[in-house]
Amino acid sequence: MSEIAEAVGDGVLPGRVWLYANYHCNLTCTYCLTESAPKVAKRELGAQRMLEVAAQARALGFTSLGVTGGEPFLLSYLTETIIEMAEMLPIVVLTNGTLFTRARLEEARGLTGAPVAIQISLDSADPVANDTMRGPENFRRVVAAIDALVARGVRVRIATTAEHIDEHELERLCQLHRGLGVADEDHIVRPILRRGRAIDSGLGVDTDLIDLPPELTITADGAYWSPFGPTVHGGRLDTDLLVSRTTSPLDKPANILLRLVQGRARGDDAKLDIR
Amino acid sequence: MELLDARRAPLLARPFFEGGDPGAIASAMAHVPEVLDATMPFLVQMFGPSALPARTKELVILRTSALLDCRYCIQSHSIAARDAGLAREEVLALRGDGPLGDQFTDRAERALLDWVDGVAGSTGPVPPEIGEALMSHFAEPDVIELTLLAGTTMMLNRFCTALGLPTSQAALARLAEDGLL
Ligand code: SF4
């Protein structure tokens, strides 16, 4: 058993490896950690590399994968790649949910029954409030996509990113997702982090190393401590949570991450529940 | 070329920033933290205290840097050499701003400077008589360490020169004070 497998088994390292598929996005959300937008540098990982990371993660003893961006579904090869990755490890794919055209939904049938969850962002049960953060027509498109994916038997999770959420608002959201066929355990509420565009929008909570679970995160530019690490501000990639520029073979960044975790002062467990 | 500061220092690089600005070389290398992490202990060993006297080491470093015409290293090590006890005139001579022979009359130091010129001032083998002269004054482990020191300095010379690393304001002020700018 590898040292990494042991650390994952003992709960010293989280079991999930994240992959930043790309950085560009069709939306321009006000709190976006990666300053994603249609015209930014794509920083694409590529299908081949995503499959390599998945295979190496499995061989090392990691237990699941996450794919994020940018908007991963801008990549033509994404669904096919996810299906192949899911043969190696269970996977959650984060998306804004606005690109599920008829053709994409047809492709998504291949996800039915596979250990894949599509995690879609929906920030409010109020279309106006939601669309203020995420752009015009977002609410309508997202709700339609969730409905269509659930109808095709694809597991959908809903992620709500919010500065504050009161009980009444939360209840409205929960009614909405239940009505769409998404179970309570598949609804996540997480805070906005003060990184990326959130800094300029004056949103979010400050974070440091100890706030974030050490989830190995692979990007085209290097390996990071957490999926909240490889953020972009002022067009410049953040480096404060960079683990290593080397990402292959995966045991190299994984072992450095483990070394960093073991060097962290006792009691410095992750404080924010952000996934 | 962005020199990373403490705020942007990657995780493996953070310890090097704990005592303040670690200097341009570490701040540049911090972009590749795993390289910084592996390189700094080596550099600290090579350039820090060791079995060789600080004066001897600075002769090698400053002379090598002058031969490779590295502004950053010449400036930084003019200060280090002064701190190691070298006279201002010795520093100038090592930098090529005065005749070496006038300043360095000690036979061991002359043999060492000839060796450095052979290692860093040309390509190909160092003439055997220069090696023999060096060996008559220094023990074998010293020769190994001195040669590695010259080679390591050459690596840093090319790194700093190619990337155009800036000399710190504090170092420039000190050099100006000493008439070594
Ligand atoms: S938050 Fe997500 S959906 Fe919004 S711009 Fe960023 S990557 Fe795109």
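Keep in mind the model is a prediction, meaning the values are calculated, not measured. Counting restarts for each chain, with residues numbered from 1 along the sequence as it is written. Chains carry letters from A onward and ligands carry numbers from 1 onward, assigned in written order. Local features in a predicted model are, by the rule used here, given only for residues with pLDDT of at least 70; side-chain atom pairs are given and counted only at 80 or more, and totals for whole chains, interfaces and linings are based on all residues. Calculation of side-chain values draws on the structure's entire complement of heavy atoms; hydrogens and water are dropped beforehand.

Colleague: When you look at the overall build of chain A in this model, what are you seeing that I'm missing?
Modeller: Scanning chain A from N- to C-terminus turns up nine helices and eleven strands. The size measure is the radius of gyration over C-alpha atoms, and the globule rule it meets is 2.2 Å times the number of residues to the 0.38 power. Computed over C-alpha atoms, the radius of gyration of chain A comes to 18 Å, within 12% of the 19 Å expected from 2.2 N^0.38 for 275 residues, which places it in the range of a compact globule. Any two residues whose heavy atoms approach within 4.5 Å are treated as being in contact. Put simply, 72% of the contacts in chain A that link residues at least 6 apart link residues at least 24 apart. The accessible surface values rely on the Shrake-Rupley method and a 1.4 Å probe; as for residues, cover is taken only from the protein chains in view. Element-wise, carbon and sulfur atoms account for 50% of the exposed surface of chain A, whose accessible area totals about 11600 Å². Averaging the locations of the 29 positively and 37 negatively charged side chains of chain A gives two centres separated by 4 Å. Counting from the N terminus, the helices are DSSP H or I runs at least four residues long and the strands are E runs at least two residues long. In summary, the charge assignment counts Lys and Arg as positive and Asp and Glu as negative, without counting His or the chain termini. The atoms used to mark charge sites are NZ of Lys, CZ of Arg, CG of Asp and CD of Glu.

Colleague: Explanation requested: the sheet that holds strand 4 (residues 116-121) of chain A in the structure shown.
Modeller: Note on sheets: strands pair through backbone hydrogen bonds, and any given pair is parallel or antiparallel. Residues and elements named next belong to chain A. DSSP calls a pair of strands paired once it identifies at least 2 bridges connecting them. Strand order in the open sheet formed by nine strands is 6-5-4-3-2-1-7-8-11, with mixed pairing between adjacent strands. The open sheet has two edge strands, strand 6 (187-191) and strand 11 (242-244), and neither has a second partner. Strand-to-strand twist across the sheet, computed as the mean angle between neighbouring axes with direction ignored, equals 25°. As judged from the three bridges shared by strand 7 (residues 217-219) and strand 8 (residues 222-224), these two strands associate in the antiparallel manner. Looking at the pairing, Thr219 lines up with Gly222 of strand 8. This element, helix 2 (residues 47-60), spans strand 1 (16-20), strand 2 (64-68) and strand 7 of the sheet and lies at about 170° to strand 1. Only the contacting stretch of a helix is used when fitting its axis, a line to C-alpha atoms as for every element, and angles between N-to-C directions run 0 to 180 degrees.

Colleague: Explain helix 6 (residues 138-151) of chain A to me, please; I cannot follow it from the model alone.
Modeller: One full turn of an α-helix is made of 3.6 residues, so residues set three or four places apart face in the same direction. Residues and elements named next belong to chain A. Take the residue count of a helix, subtract one, and multiply by 1.5 Å to get its expected span. Over its 14 residues, helix 6 runs 20 Å from end to end, which matches the ideal 20 Å to within 8%, given 1.5 Å per residue. Listed as buried for helix 6 are Asn138, Phe139, Val142, Val143, Ala145, Ile146, Ala148 and Leu149. Here the buried face of helix 6 lies against helix 4 (102-108), strand 4, helix 5 (127-134), strand 5 (155-162) and helix 7 (167-179). Looking one or two places after helix 6, you find Gly153, whose phi comes out positive at around 80°. Each residue is assigned to one of three classes by its accessible area relative to the maximum for its type, calculated with a 1.4 Å probe on protein chains only: buried under 20%, partly exposed between the two thresholds, exposed over 50%.

Colleague: Looking at this model, I keep getting lost on the packing of aromatic side chains. Mind explaining?
Modeller: Aromatic ring pairs are described here by two measures, namely the spacing of the ring centres and the angle between the planes. Residues and elements named next belong to chain A. Stacked, tilted and edge-to-face pairs are distinguished by plane angle, under 30 degrees for stacked and over 60 for edge-to-face with tilted covering the rest, among Phe, Tyr and Trp rings (Trp via its six-membered ring) whose centres lie within 6.5 Å. Tallied over the entire structure, the rule returns two aromatic pairs over all chains. Relative to Tyr23, the ring of Tyr20 lies with its centre 5.1 Å away and its plane at 25°, an arrangement referred to as stacked. Across this residue pair, the class does not change: Tyr20 and Tyr23 are buried. Here Phe73 and Phe100 contribute two aromatic rings whose centre-to-centre distance is 4.9 Å and whose plane-to-plane angle is 55°, an arrangement assigned as tilted.

Colleague: Before we go on, may I ask you to explain the interface of chain B and chain A in this structure?
Modeller: Note on interface size: it is often stated as the accessible area lost on association of the parts. Each partner contributes to the interface: chain B provides 14 residues, whereas chain A provides 17 residues. Buried area adds together the accessible area that both of two parts lose upon being put together, with accessible area traced by a 1.4 Å probe. Around 1300 Å² of area is buried between chain B and chain A when both sides are counted, 50% of it from carbon and sulfur atoms. Looking only at chain B, the three residues that lose the most surface to chain A are Arg8, Leu11 and Glu34 of chain B, adding up to 49% of its buried area. We count a salt bridge whenever a side-chain nitrogen from Lys or Arg sits within 4 Å of a carboxyl oxygen from Asp or Glu. Connecting chain B to chain A are three salt bridges. Its salt-bridge partner being Glu2 of chain B, residue Arg236 of chain A comes within 3.2 Å of it at the nearest N-O pair. Tallying contributions element by element places helix 3 (residues 33-47) of chain B first for the side of chain B that touches chain A, with three residues. Each residue gets one of three labels, nonpolar for Ala, Val, Leu, Ile, Met, Phe, Trp, Tyr, Cys and Pro, charged for Asp, Glu, Lys and Arg, and polar for the others, Gly among them. Class assignment of the residues belonging to the side of chain B that touches chain A gives a composition of seven nonpolar, one polar and six charged.

Colleague: Help me understand the domain arrangement of chain B in this model?
Modeller: Residue and element names in this part refer to chain B. Where each domain begins and ends is defined by an automated method or by a domain database. What the domain assignment lists for chain B is domain 1 (11-47) and domain 2 (54-177). On a C-alpha basis, the centroid separation for the pair domain 1 and domain 2 is 23 Å. Together, the buried faces of domain 1 and domain 2 total about 1000 Å²; carbon and sulfur atoms form 82% of this surface. Taken as a group, Ile25, Met46 and Phe47 account for 58% of the area that domain 1 buries against domain 2, more than any other trio of residues on that side. Any pair of N or O atoms that falls within 3.5 Å is considered a polar contact. Within protein, one atom must be able to donate a hydrogen and the other to accept it, and sequence-neighbouring residues count only if both atoms are side-chain atoms. At the boundary of domain 1 with domain 2, the tally comes to one residue pair in polar contact (both at pLDDT 80 or more). Counting residues per element, the ones that place at least two in the side of domain 1 that touches domain 2 are helix 2 (24-29) and helix 3. Per-element tally for the side of domain 1 that touches domain 2: the top contributor is helix 3, with five residues. Looking at the side of domain 1 that touches domain 2 residue by residue, the class counts come to eight nonpolar, one polar and no charged.

Colleague: Sorry, what's going on with the nonpolar core here?
Modeller: When a protein is soluble and globular, its nonpolar side chains tend to lie buried together. We call a set of buried Ala, Val, Leu, Ile, Met, Phe, Trp, Tyr and Cys residues a nonpolar core when their side-chain atoms join them within 4.5 Å. Ranked by internal contacts, the top residues of the largest apolar core, which has 74 residues, are Phe62 and Ile118 of chain A. Broken down by element, the residue count for this core peaks at seven residues, all from helix 6 of chain A. With residues up to four places along the chain from it excluded, the contact list for Phe62 of chain A reads Ile4, Val8, Leu13, Pro14, Gly15, Val17, Ala57, Leu89, Leu216 and Ala254 of chain A. Residues Trp115, Val119, Leu149 and Ala150 of chain B belong to the second largest nonpolar core, which totals 31 residues.

Colleague: Looking at this model, I keep getting lost on the environment of Leu94 of chain A. Mind explaining?
Modeller: Residue and element names in this part refer to chain A. With respect to the helices and strands, Leu94 occurs in strand 3 (residues 91-95). By relative accessible area, Leu94 is classed as buried at 15%. With 26 residues separating them along the chain, Leu94 and Thr68 place their C-alpha atoms 5.0 Å apart. Those residues in contact with Leu94 that lie beyond four places of it in its chain are Trp18, Val67, Thr68, Pro72, Gln119 and Arg190.

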